[in-house]
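# What the coordinates show
Spelled out from the first residue to the last, the chains are:
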Amino acid sequence: FSCDARFAWGEAEIRLTVKEGFVKAAEVYSDAMDWELAPALERLLTGSEFSLQALCLRIQAGLAEHAADLCEMLARQEI
């Protein structure tokens, strides 16, 4: 699974390896000024159930500042 989008705070690209309904590995690339964003998002998504609700709950819990943008990007993918 992969998706990307540009936001006011920078661009984000998410690549997920999904197996048996769970995220086995996450790779995140971003040009955001917050250099901790990509590794934090990778940690949050790895191990998650591969559903929009589960992914967004993890993002909201760990990256509240960017959660609305990232969840909107994921929602456009019709997971």
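Below is a summary of the structure that appears in this document. (Residues numbered from 1 in each chain as written. Predicted model: local features only at pLDDT ≥ 70, side-chain atom pairs only at ≥ 80, totals over all residues. Heavy atoms only, no water.)

### A few points about the state of the cysteines
On inspection of all chains with the given rule, the structure shows one disulfide. Put simply, C56 and C71 are joined by a disulfide, and their sulfur atoms are 2.5 Å apart. Placement of C56 in helix α2 (residues 52–62) and of C71 in helix α3 (residues 64–75) is noted, with a sequence separation of 15 residues between them. In this structure C3 is not part of a disulfide, and its nearest cysteine sulfur, from C56, lies 10 Å away. (Disulfide = S-S within 2.5 Å. Helix = DSSP H or I, 4+ residues; strand = E, 2+ residues; numbered from the N terminus.)

### Overview of the environment of V23
Within the element layout of this structure, V23 appears in strand β3 (residues 22–30). We classify V23 as buried; its relative accessible area is 2%. Separated by 25 residues in the primary sequence, V23 and S48 place their C-alpha atoms 5.4 Å from one another. Not counting residues within four places of it along the chain, the set of residues in contact with V23 comprises L16, T17, L45, T46, G47, S48, F50 and L55. (Buried < 20%, exposed > 50% of the residue type's maximum accessible area, 1.4 Å probe, protein only. Contact = heavy atoms within 4.5 Å.)

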